[in-house]
Amino acid sequence: MRALGCRASARARSAWASASLPRAPASRTRTAAGRFSRDARGPPPPRRAPHPHHSRRSRRSGSLARPSDVSGASSSSPAPSGAAASPDASSSSASVVDWRDEPAIAPLDLPPSALPRHVAVIMDGNARWARERGLPVSAGHERGVDALRLVVRCCRAWGVPALTVYAFSRENWRRDRAEVDHLMKLLETSLTRELPDLAREGVRVSVMGELGMVTPELRAAIADAVDRTRECSNVSLCVALSYGSRHDVVRAARELVAEAAAGLVDADDVTEETFAARLSSARTRMVTPAGWSRGPVPAEPDLLVRSGGESRLSNFMLWELAYTELLFADAPWPEFGEAEMRDAMATYAKRQRRFGGRGDAGKRGEEEEEKEKEKAAAEEEGRRGGE
């Protein structure tokens, strides 16, 4: 396996805000339908003392202000495998607040083979979390950025190579204009601010959805992030933005119909694999981390986690989730942290995936299905390259 470098430009010295509240340990009980919940929520836990390199949270942007009088952050430590070294500290007058300032993610007590290769997340509950606390909805979305950062860090620390998150659906455009505008701006600023950390940690960014509907500024931020993390090889982070699965299925079907009309595809050539190869998820180039030995990382998630207490898919990756393990968490997304992610991994490790078969037969079916998908994806890539 190879460990690719990830190009990070020195002009992107800003880093992600990190202001998530700590959570007091709480006992959890698992219920039916793959749900885990807290036995007692109680009052919100007290804030921990801030890191000496951190400053107070900006009420307007939901980010951390970076005072110019803070200095001395070291960037001399080597970059992790699959990533590029951080830019030299002398290129900025302010210190960089990055993931290395955060408490380390504790290792899992699970073998790597028991973990999902691809996790999908429906990040639900931001608005309800905010309203319950008498806060504006925007505050919930801003706290949701903190939760996403922590989940990405968990995947990086535990060796989960693919994470797909549902950030904004096509149906979400029906929401109040002020909320939508805030979300677009929050996505833009967060992606720009987080990019140095993502690049340094080897996180490859991709986006699937109808990007023609988002703001030009957000499209530019997406293009920059995709380009500058193209060679990263530790974690693939795919953001579903202005995405709807039914629309994606219809688009793929139209594409096949157009190819058939042009004589490029025969009816007998249309299979589940050739159809899946035209879905947006199949066009996300998955990473192959150094030392990875579990075969191709699939476009179909092994595990879906939905926060916020709801038990539905909400038009998210309907085709791809056919055999995905489902887990519904009561915790709203702003409260979804390392403990909840750890619970999800432990729950998944106990599941037995049979893919319609039993025992070894089910395992063989999974392996054969992955080989067919890999073959179809390679053929589709070759066909597109020849156009």
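In the block above lies the structure referred to throughout.
Residues numbered from 1 in each chain as written. Predicted model: local features only at pLDDT ≥ 70, side-chain atom pairs only at ≥ 80, totals over all residues. Heavy atoms only, no water.

(A) Up close: the nonpolar core. Counting residues in each nonpolar core, the largest one holds 46 residues, and the members touching the most others are L163, M341 and M345. Broken down by element, this core gets its largest block of residues, eight residues, from helix 2 (residues 137-158). Core analysis: the second largest hydrophobic core is formed by 11 residues, A120, L304, F316 and M317 among them. (Core = buried A, V, L, I, M, F, W, Y, C linked by side-chain atoms within 4.5 Å. Buried < 20%, exposed > 50% of the residue type's maximum accessible area, 1.4 Å probe, protein only. Helix = DSSP H or I, 4+ residues; strand = E, 2+ residues; numbered from the N terminus.)

(B) Geometry of helix 4 (residues 216-228). For helix 4, which comprises 13 residues, the first-to-last C-alpha distance of 18 Å matches the rise-based estimate of 18 Å (1.5 Å per residue) to within 8%. All of the buried residues in helix 4 are L218, A221, I222, A225 and R228. Taken down its axis, helix 4 places every buried residue within 145° of arc, on the same side. Looking at the packing, one finds that the buried side of helix 4 touches helix 3 (177-200), strand 5 (203-208) and strand 6 (235-243). (Expected span 1.5 Å × (residues − 1). Arc of directions from axis to C-beta. Contact = heavy atoms within 4.5 Å.)

(C) Here's a closer look at the packing of helix 2 against helix 7 (residues 338-350). As a packed pair, helix 2 and helix 7 sit with axes 10 Å apart at the nearest point and diverge in direction by 50°. By the angle class used here, helix 2 and helix 7 are oblique. The element helix 2 and its partner helix 7 pack so that their crossing is right-handed. Counting all contacts with helix 2, which are made through L150, V151, C154, C155 and W158, the residues of helix 7 involved are E338, M341, R342 and M345. For the contact of helix 2 with helix 7, the residue count by class is seven nonpolar, no polar and two charged. (Axes fitted to C-alpha atoms, helices over the stretch in contact; angles between N-to-C directions. Parallel < 35°, antiparallel > 145°, perpendicular 65-115°, else oblique. Left-handed = near helix turned anticlockwise from the far one by under 90°. Nonpolar A, V, L, I, M, F, W, Y, C, P; charged D, E, K, R; others polar.)

(D) Fine view of helix 2. With 22 residues, helix 2 should cover 32 Å at 1.5 Å per step; its first-to-last C-alpha distance of 32 Å lies within 8% of that length. Burial of helix 2 is extensive: 19 of the 22 residues sit out of reach of the surface. Directly after helix 2, the chain includes G159, whose backbone phi takes a positive value near 80°.

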